[in-house]
Amino acid sequence: PPEEECCVLAQWAVDAYYRVVIAGKQGIPALVRAMNVFAGYRGLQECCCLALGNLCMQSGGNLIAVEAAGGVAAIVAAMRNHSSSVAVQSAACDALRNMSNLLLAHAATPSSSIGSELIQVLSHAKEMYLLPSHHSIAENLLSAISAQSAKSRWNHY
């Protein structure tokens, strides 16, 4: 599996210039494909979550590209497949924090299944022994997504 390559992309994606380069060279769909093909590889899943999250920092265009490539679903799958891995759960929480606007949009759409899946995986992550910062991210995202989801169900009726 291309774990080392995904880890390098995660490191480079911290820089604004490389976020543009990686996205322009189809790095986002490649990361999501790697997550789907190598679902059982914890290290690769961790690096891909970090890379996708870093690519979404201050980049609405990359957020759209992650959505189009199925990145949120891949992160949710990583959280489910590696439910006992603190590293994967932490990396996923970091990534989801950088995608919070997209997640709230999913939660506001009654037909979206991602909202309920996010509530499940974030509830599990919140119960794990994560660093306080990651625990706080899981807790805050869970609260915001739950509130948005409840609001959208209320408005739907």
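These figures come from a predicted structure and were not determined experimentally. The residue numbers shown here count from 1 along each chain, following its written sequence. The model is predicted, so local features are restricted to residues of pLDDT at least 70 and side-chain atom pairs to those at 80 or more, both for listing and for counting; the totals for chains, interfaces and linings are taken over all residues. Note: side-chain values were computed over all heavy atoms of the structure, leaving out hydrogens and water.

(A) Representation of the overall build of the protein. Strands here mean DSSP runs of E at least two residues long; helices mean DSSP runs of H or I at least four residues long; both are numbered from the N terminus. Of the regular secondary structure elements, the protein holds 10 helices and zero strands. Scored against the burial criterion, the 157 residues of the protein give a buried share of 43%. Sequence-distant contacts in the protein: of pairs separated by 6 or more residues, those separated by 24 or more amount to 72%. Note on areas: Shrake-Rupley with a 1.4 Å probe; residue coverage comes only from the protein chains shown. When the accessible area of the protein is evaluated, it comes to approximately 7900 Å², of which 56% is carbon and sulfur surface. For the protein, the centre of its 9 positive side-chain charges and the centre of its 10 negative side-chain charges are spaced 8 Å apart. Here's how the labels work: a residue is buried when its accessible area is under 20% of the maximum for its type, exposed when over 50%, partly exposed in between, all with a 1.4 Å probe on protein chains only. Contacts were defined at the residue level, with two residues in contact if any of their heavy atoms lie within 4.5 Å. Just so you know, the count uses Lys and Arg for positive and Asp and Glu for negative, and it drops His and the chain ends. For the purpose of locating charges, the reference atoms are NZ of Lys, CZ of Arg, CG of Asp and CD of Glu.

(B) Quick look at the environment of Ser-59. Its location among the elements puts Ser-59 in the loop between helix H4 (42–55) and helix H5 (60–69). Linking Ser-59 and Arg-19, residues 40 residues apart in sequence, is a C-alpha distance of 8.3 Å. A distance of 3.2 Å separates the side chain of Ser-59 from the backbone nitrogen of Asn-62, its partner in a polar contact. Any pair of nitrogen or oxygen atoms within 3.5 Å is treated as a polar contact; in protein, a donor-acceptor pairing is required on top of that, and neighbouring residues in sequence qualify only through side-chain atoms on both sides.

(C) The arrangement of the packing of helix H6 (residues 71–81) against helix H7 (residues 86–98) in detail. Axis definition: a line fitted to C-alpha atoms, over the contacting stretch in the case of helices. Angles run 0 to 180 degrees between N-to-C directions. Between H6 and H7, the shortest axis-to-axis distance is 9 Å and the interhelical angle comes to 155°. On the basis of their axis angle, the class for H6 and H7 is roughly antiparallel. For the element pair H6 and H7, the recorded crossing hand is left-handed. Of the residues in H7, those touching H6 at Ile-75, Ala-78 and Met-79 are Val-88, Gln-89, Ala-92, Ala-95 and Leu-96. Any residue outside Ala, Val, Leu, Ile, Met, Phe, Trp, Tyr, Cys, Pro, Asp, Glu, Lys and Arg is labelled polar, Gly included; the first ten of those are nonpolar and the last four are charged. Counted by class, the contact of H6 with H7 contains seven nonpolar, one polar and no charged residues. Each angle is binned into one of four classes, with values under 35 degrees roughly parallel, values over 145 roughly antiparallel, values of 65 to 115 roughly perpendicular, and all other values oblique. Helix crossings are classified by the rotation of the near helix relative to the far one: an anticlockwise turn of less than a right angle makes the crossing left-handed, while a clockwise turn makes it right-handed.

(D) How the structure looks around the nonpolar core. Counting 48 residues, the largest nonpolar core has Leu-52, Ile-75, Met-99 and Leu-122 as the members making the most contacts within it. Per-element accounting of this core gives the leading share, seven residues, to H4. When sequence neighbours within four positions are dropped, the list of residues in contact with Ile-75 reads Met-35, Cys-49, Leu-52, Ala-92, Ala-95, Leu-96 and Met-99. In this description, a nonpolar core means a group of buried Ala, Val, Leu, Ile, Met, Phe, Trp, Tyr and Cys residues linked to one another through side-chain atoms lying within 4.5 Å.

(E) Spotlight on the packing of H7 against helix H9 (residues 114–127). Remark: H7 packs on H9, axes separated minimally by 11 Å, with the N-to-C direction vectors making an angle of 130°. Considering their axes alone, H7 and H9 lie oblique with respect to each other. Classified by chirality, the crossing of H9 by H7 is left-handed. Across the interface between the two elements, Gln-89, Cys-93 and Leu-96 from H7 touch Leu-118, Val-121, Leu-122, His-124 and Ala-125 from H9. Of the residues that constitute the contact of H7 with H9, the class distribution is six nonpolar, two polar and no charged.

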